[in-house]
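# Examining the three-dimensional arrangement
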Amino acid sequence: TPKLTVVPEYTPVNYPINKTESVSLLIWDTSGRENFKSEAFFLYKKAHCFFVVYDIANRESFKNLHKWFQDVEDQSKKGTLIILIGNKCDKEEERQVSYEEGRSLAKEKEMIFFEVSAKTSESVQYTLAMAVKELYERKKEDGLRIKNGVESGGTRSSPFYGKESKNYSICSIF
């Protein structure tokens, strides 16, 4: 059951890529609340990916995206993966932001776009899988190599699967 984020919190996830490799994720939910901004900025500097989330049933949350994009741009590393997510697609009858508007904004900002429902879990696993795939491909393109289970930038042997594991941090901003 979805719950209100009262303080920034994280969830560790070990996500298998194939039979021999997995990705260890720390998914931070910063809730987008102003009173957590200083803590969030610390996380932004370390994040490999951002899920910038708005409520499809709340036009105001969509209008406020520009400030979150600016914060991410100002506080994160250059080239960080940003994924725009329209949440609450289970509330189609209350929709105030069209799918096309979300997709158009993501295209304009050169971001990946998904609509999900945290309540019903619709498209949540798919979105996470696509984020992991993109992060993994970017690391491969960077030419990083695994040697003895250690790679600069965060590869280690995973205690969960006994496989090679790449570590990534994902920040969720709502």
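The structure reproduced in this document is the subject of the present report. (Residues numbered from 1 in each chain as written. Predicted model: local features only at pLDDT ≥ 70, side-chain atom pairs only at ≥ 80, totals over all residues. Heavy atoms only, no water.)

## Overview of unusual backbone geometry
One non-glycine residue, Lys-88, adopts positive backbone phi at about 75 degrees. Of note, Lys-88 is situated in the loop between strand 4 (81-87) and helix 4 (99-108). Accessibility expressed as a relative area gives 26% for Lys-88, which makes it partly exposed. (Helix = DSSP H or I, 4+ residues; strand = E, 2+ residues; numbered from the N terminus. Buried < 20%, exposed > 50% of the residue type's maximum accessible area, 1.4 Å probe, protein only.)

## A closer look at helix 4
Looking at helix 4, one finds that the buried residues are Gly-102, Leu-105 and Ala-106. Buried residues of helix 4, viewed axially, fall in a sector of 100 degrees; they line one side. Away from its buried face by more than 90 degrees, helix 4 exposes Lys-107 and Glu-108. Each element contacted by the buried residues of helix 4 is listed here: strand 3 (49-55), helix 2 (59-63), helix 3 (65-75), strand 4 and strand 5 (112-115). (Arc of directions from axis to C-beta. Contact = heavy atoms within 4.5 Å.)

## Overview of the pairing of strand 5
Across 4 bridges, the pairing between strand 4 and strand 5 is parallel. Bridge pairing in strand 5 links Ile-83 to Ile-112. Once the chain exits strand 4 it traverses helix 4 before rejoining the sheet at strand 5, and the crossover so formed is right-handed. (Pairing = 2+ DSSP bridges. Right-handed = clockwise from strand over helix to strand, strands pointing away.)

## Side note on the packing of aromatic side chains
Evaluation of the coordinates by the stated rule reveals 3 aromatic pairs. Seen in terms of ring centroids, Tyr-54 and Phe-62 are 4.9 Å apart; in terms of plane orientation they differ by 70 degrees. Their pairing is edge-to-face. The pair Tyr-54 / Phe-62 is uniform in exposure class, with both members buried. Judged by centre distance (5.7 Å) and plane angle (85 degrees), the ring pair of Phe-114 and Tyr-126 falls under edge-to-face. Here Phe-114, found in strand 5, pairs with Tyr-126, found in helix 5 (residues 124-141); they are 12 residues apart in sequence, far enough to count as distant. Its relative accessible area of 49% is what places Tyr-126 among the partly exposed residues. (Phe/Tyr/Trp six-rings, centres within 6.5 Å; stacked < 30°, edge-to-face > 60°.)

## What to know about the environment of Asn-18
Take Asn-18: it is sitting in the loop between strand 1 (9-16) and strand 2 (21-29). Of note is the side chain of Asn-18, whose polar atom sits 2.8 Å from the backbone nitrogen of Thr-20. (Polar contact = N/O pair within 3.5 Å; in protein donor to acceptor, adjacent residues only side chain to side chain.)

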